[in-house]
Amino acid sequence: MSDYVNEIRKRRTFAIISHPDAGKTTLTEKFLLYGGAIALAGSVKGKKTAKHAVSDWMEIEKQRGISVTSSVMQFHYNNYCINILDTPGHQDFSEDTYRTLMAADSAVMVIDASKGVERQTRKLFKVCTLRDIPIFTFINKMDREARDPFDLLEEIEQELGIRTYPINWPIGSGKEFKGVYDREKKHIIAFRANNGQREVEATEAEIGDQGLDALIGSDHHRTLADDIELLDGAGYEFDLEMVRHGKLSPVFFGSALTNFGVEPFLEEFLNMTTPPLPRKSDAGKIDPFDPDFSAFVFKIQANMNKAHRDRIAFMRICSGKFEKGMEVYHVQGGKKIKLMQPQQLMAQEREVIDEAFAGDIIGVFDPGIFSIGDTICSVSNKFSFGGIPTFAPEHFSRVQQVDTMKRKQFVKGISQIAQEGAIQIFQDLGGGMEEIIVGVVGTLQFDVLEYRLRNEYNVEIRMEGLPYQHIRWIENEELDPKTLNLTSDTKRIQDLKGNKLLIFANEWSIRWDQEHNEGLVLAEFGKS
Ligand code: G4P
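(A) Quick look at the overall build of the protein chain. Each helix and strand in the protein chain was counted, giving 13 helices and 31 strands. In the protein chain, which comprises 528 residues, the proportion classed as buried is 56%. Residue pairs at least 24 apart in sequence account for 70% of intrachain contacts in the protein chain once pairs closer than 6 positions are excluded. Carbon and sulfur atoms form 46% of the exposed surface of the protein chain, whose accessible area is close to 23,200 Å².

(B) View of the packing of aromatic side chains. According to the stated counting rule, one finds 16 aromatic pairs in the structure shown. Measuring from ring centre to ring centre gives 4.7 Å for F136 and F269, while their planes differ by 80°; the resulting arrangement is edge-to-face. Here F136, found in strand β5 (residues 135-140), pairs with F269, found in helix α10 (residues 262-272); they are 133 residues apart in sequence, far enough to count as distant. For the pair F136 and F269, one class covers both residues: buried. Considering the side-chain rings of F293 and F322, the 5.7 Å spacing of their centres and the 50° angle between planes classify their relative orientation as tilted. Here F322 lies in strand β16 (residues 321-323) and F293 lies in the loop between β13 (284-286) and β14 (294-302), a separation of 29 residues in the sequence. In this structure, F293 and F322 share a single accessibility class: buried. Put simply, the rings of F14, F31, F136, F138, F252, F265 and F269 pair up and form one aromatic cluster. In this structure, R183 packs its charged tip against the face of Y165, placed 4.5 Å from the ring centre. Over the ring of Y329 we find K382, and its NZ or CZ is 4.3 Å from the ring centre.

Each value, and the rule that gives it
Residues numbered from 1 in each chain as written. Predicted model: local features only at pLDDT ≥ 70, side-chain atom pairs only at ≥ 80, totals over all residues. Heavy atoms only, no water. Helix = DSSP H or I, 4+ residues; strand = E, 2+ residues; numbered from the N terminus. Buried < 20%, exposed > 50% of the residue type's maximum accessible area, 1.4 Å probe, protein only. Contact = heavy atoms within 4.5 Å. Areas by Shrake-Rupley, 256 points an atom, 1.4 Å probe, with all protein chains shown as cover. Phe/Tyr/Trp six-rings, centres within 6.5 Å; stacked < 30°, edge-to-face > 60°. Lys NZ or Arg CZ within 6 Å of the ring centre and 35° of its normal.

Structure (structure tokens):
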């Protein structure tokens, strides 16, 4: 078998999602620890003030203690080469999460055992189901008081509309947490509080064994026997095909902080999930093992490192092998190019790479030519992957620079941040760049905009919130928006390409405007 086929088979590329604080960062760190990618985890981030999770690299993230943007990490474990795509937990960055999920083959969903399905889990999950990718559930924090496991499963099934199959089953929780029962191997993995160390005892003890009373107590033993009987009798059957189509989620119970159940989870998960899958393109499905290189851009990030002052386009390789210096074709630009400074990332550390394979994520230097969703392919075999839709902004602000002398920096900064897809920018109809209307999906993006303009472009801005919540593109090309008969809380604007749009304070206005302007065609998504 040729080398590159072998390499691609080893790849597992997944995103990790959770409501903030469920334990995503802790779990990721434990994965990296097992893979030998970092030497120490857990203890590094005991307190919020001293929290420097490897995947958090922006100042603002450290200040707020949330992941603002996604980052990518690669490590090896057993014979696998794993790419983890970290996603921002905060709902205001759902769009970033959505794009990241476009680059993943499966998702790991971390749930806090005391809280169950939280608001953000729901939203992120919805994004996952848009792509039918396999979803693996890790119910975390079993070392704390947890909710009843049956209730948790029922909630996942009802709220998220996916079937569940517990791979292991918890015995007690909090102070009474005794470990988990592995349903396939039919044995107990006993829990001992171990200060976050690696080792966990796997004790060969079956339900009904005399010794089990001593290990977990007779009450827990009885409950476990009843629970397993109920699960075996009334639960869903395990079906790998359903897992792979995102219809059944394997569920694992554990505790990332104390390292309990993390390694078995990683092993099982790697077994069940797939190597890179074919991707749809306008030339049919593109097989990852196709020797011709192809990739698409799912994220653009400027000034990741202040010292570098650069812009990086992240691309997911979909087929073949990438080699440093190779000539490729940028479909949207219609040009042959060389991908400059190809690198892989591990939080703040970057490593320049010579080769990468389908399934991998690489960052390349972007001189300002790439947009999100662009396809890069080999010069001899040209096609284009499906685009990545943008979310409609729901919050709008008028933004002005405070110091009019800084106009150039203001325009450059705000345009670059818009190209990254973090914000969308508009103008008053017939207006210039002095005043910009910024639209975002979540209001925290306004804070990020202000922070980044100050820190990366040295520009102070004034922001004034606008009362609009909905946006529509006017599809009628010839129409002059000034001639429209609109409610007083509808505003006419344009994007930087000159497309005409309307923003509305409420849904009622959208309906009123449509009813009173015959032939007006409004689209919810912009043309990219
Ligand atoms: P996130 O990335 O999903 O936002 O969560 P993160 O890993 O940062 O974990 C959130 C908090 O939960 C952290 O507490 C972390 O130590 C704790 N945690 C994670 N996994 C477990 C677990 O298995 N058991 C227990 N008991 N705690 C866990 P923190 O940063 O120390 O601060 P605080 O939020 O407790 O103040």
